[in-house]
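Observations on the three-dimensional arrangement
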Amino acid sequence: MPLVTTTQMFKDAYEGGYAIGAFNVNNMEIIQGITEAAKKLNAPLILQVSKGARAYANHTYLVKLVEAAEKETGLPIALHLDHGPDFETCKSCIDGGFTSVMIDGSHLPYEENVALTKRVVDYAHAHGVVVEGELGQLAGIEDDVNVAEDKACFTDPDQVYDFVTRTGVDSLAIAIGTSHGAYKFKPGQKPQLRFDILEEVSKKLPGFPIVLHGASSVIPEFVEKINKYGGKMPDAIGIPEEMLRKAASMAVCKINIDSDLRLAMTAAVREHFALYPDHFDPRQYLKPAREAIQGMVEHKINNVLGCAGKAKA
Ligand code: G3H
Ligand code: 13P
Ligand code: ZN
C-alpha cells in the first residue's frame, strides 16, 4: 500500500484504547530499526521528520527511505512533518510526499496560531494530507529552540473546541507536563502528568485524537550504559511507562518518541567501541545500533503503545 494518512489509524486507536508510535527518523539505520520492529509485531507506524532532520539528511533521501520501508514491510506507514515551523515548510512537505504535517504555532498568540494553522489545514486538505496543531507549550529543546521551563504552559481545555473547529485540524498536541529531551524532571522530583487536563480536553472533544509530544521514557538501561562507557549524562529522567500506557488508553492516539531512539543508538555505539576499539567499519557499529533501536521499539509497541497486531492490510 502507498504511504497512508493517520485518519484510519487514529480512529482505530481511539476506539481500541491504544496509541500509535511516532518515531523521529534521521537516517537509514533508524528507519530500518523502527520498521523491522513494527513489521515483526504487525504494528501501524508514524515516521516523523523534523526541520532538523530535513536539514541533516535531505528531504528527498528521507522520503525515499520511508517509501522503501513501506515497500519492504507492507505496513500502514504515515510520513509526518514534526514541528513544522511555518507555512512554507508544511507546503514543501505536502508537495513532496508527506501524508501528514504538524504546524506548530504553539508559541504564537492564540489568534495567530489559529490563523496560521487554518492556512496550513486549507492547503493540506486540498492535497489529501492531514494536519496536527498544538495548543499549550512544552518545555525542553526541539530543533534550535529551547523553551525554558518558566515559558512552558499547560493547554487550556477551554480553548480546544474553538481551536479545533476554527482551524479544522485532524489531531491536537497538548501540554500536560511532558517535555522534549532527556531531562524531563529534576533529580528528586516526582514525575507527574496532568491527566485532569487530558480528561477535560477529551470531554470537550469527544472522539478526537490527542497527541503527546516529549513522551520518551529515557530508559535507564541506556543512560547507564552510556555512562558506563565514557558518557556523562547526569540524572536523565523521562516519563514513566505506566503514565504513557494510561494516556494511550485515554484520548491520546499518537505518542512521540525521539530521545529514546537517540539513547538506544548512542548506548550501542559506545558499548561497541569499548568492546572493539580497533573497529572502524561503520557497519560494525551501526548494526548493533540498529538492533538496539529495533529492540527498544518492540518494547514500546508491546508495553507502552499497545498497538501490536493492529496493522490493517
Ligand atoms: O521534538 C523534537 C524532536 O526530538 C526532533 O528533534 O529537531 O533535533 O530533530 P530535532
Ligand atoms: P522526546 O524528546 O521525549 O523523545 O520527544 C520527542 C518529540 O516530541 C518529537 O516531536
Ligand atoms: Zn515534539
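Here's a quick rundown of the structure. The structure presented is a predicted model; accordingly, all values stated were derived computationally and were not measured.

Further remarks concern the site of ligand 2. Around ligand 2, a shell composed of 16 residues is seen, among which Asp82, Lys184, Ser216, Asp258 and Ser259 lie nearest. Within the side chain of His180, an N or O atom sits 3.1 Å from an oxygen atom of ligand 2. Measuring from an oxygen atom of ligand 2, one finds a side-chain N or O atom of Ser216 at 2.6 Å. Taking 310 Å² as the accessible area of ligand 2 by itself, protein coverage stands at 96%. Of all the secondary structure elements, the ones that give two or more residues to the shell around ligand 2 are β3 (77-84) and β10 (252-257). Of the residues contributing to the shell around ligand 2, the split by class is 2 nonpolar, 11 polar and 3 charged.

Summarising the metal site, the zinc ion (ligand 3) is bound by the protein donors His83 (NE2), His180 (NE2) and His213 (ND1), whose distances to it range over 2.1 Å. Mapping the donors of the zinc ion (ligand 3) onto the primary sequence yields the spacing H-x96-H-x32-H. Of the two residues, His83 is situated in strand β3 and His213 in the loop between β9 (210-212) and α9 (220-228); the sequence distance between them amounts to 130 residues. Of the two residues, His83 and His213, neither departs from the other in class, the shared state being buried.

Let us look at the environment of Lys225. With respect to the helices and strands, Lys225 occurs in helix α9. Residues in contact with Lys225, not counting those within four places in the same chain, are Ala267 and Glu271.

A few words now on the pattern of salt bridges. Inspection of the entire model under this criterion finds 17 salt bridges. For Asp95, the salt bridge identified is with Lys91, shortest N-O distance 2.7 Å. Taken together, the positions of Asp95 and Lys91, both in helix α5 (residues 87-95) and 4 residues apart, correspond to about one turn of that helix. Several salt bridges share partner residues, and in doing so they unite Glu111, Asp162 and Arg166 into one network.

Applying the stated criterion across every chain, the model contains 1 cavity of 30 Å³ or more. Estimated volume of the largest cavity: approximately 50 Å³. What lines the largest cavity is simply Thr6, Phe10, Ile46, His80, Ser100, Val130, Val131, Glu132, Asp170, Ser171 and Lys254. For the lining of the largest cavity, the leading source of residues is strand β5 (residues 130-135), giving 3 residues. The residue inventory of the lining of the largest cavity, partitioned by class, reads 4 nonpolar, 4 polar and 3 charged.

This part covers the pairing of strand β4 (residues 100-103). Judged by which residues are buried, β4 turns out to be covered on both faces: Ser100 and Met102 on one side and Val101 and Ile103 on the other are all buried. Of the pairings in the sheet, the one linking β3 to β4 comprises 3 bridges and is parallel in character. Across the sheet, residue Gly84 finds its bridge partner in β4, namely Ile103. Handedness of the β3-α5-β4 crossover: right-handed. As judged from the 3 bridges shared by β4 and β5, these two strands associate in the parallel manner. Bridge assignment links Met102 to a residue of β5, and that residue is Glu132.

Definitions and limits used
- Residues numbered from 1 in each chain as written.
- Chains lettered and ligands numbered in written order.
- Predicted model: local features only at pLDDT ≥ 70, side-chain atom pairs only at ≥ 80, totals over all residues.
- Heavy atoms only, no water.
- Near = heavy atom within 4 Å.
- Polar contact = N/O pair within 3.5 Å; in protein donor to acceptor, adjacent residues only side chain to side chain.
- Areas by Shrake-Rupley, 256 points an atom, 1.4 Å probe, with all protein chains shown as cover.
- Helix = DSSP H or I, 4+ residues; strand = E, 2+ residues; numbered from the N terminus.
- Nonpolar A, V, L, I, M, F, W, Y, C, P; charged D, E, K, R; others polar.
- Donors = N, O, S within 2.8 Å, 3.2 Å for Na, K, Ca; no water.
- Buried < 20%, exposed > 50% of the residue type's maximum accessible area, 1.4 Å probe, protein only.
- Contact = heavy atoms within 4.5 Å.
- Salt bridge = Lys/Arg side-chain N within 4 Å of Asp/Glu carboxyl O.
- 1 Å grid on protein atoms, 1.4 Å probe; cavity = no way out; pocket = protein on both sides within 12 Å on 5 of 7 lines; lining within 4 Å.
- Points joined across faces, edges and corners; volume = space filled by probe spheres on them.
- Pairing = 2+ DSSP bridges.
- Right-handed = clockwise from strand over helix to strand, strands pointing away.

That is the geometry; function is a separate question.
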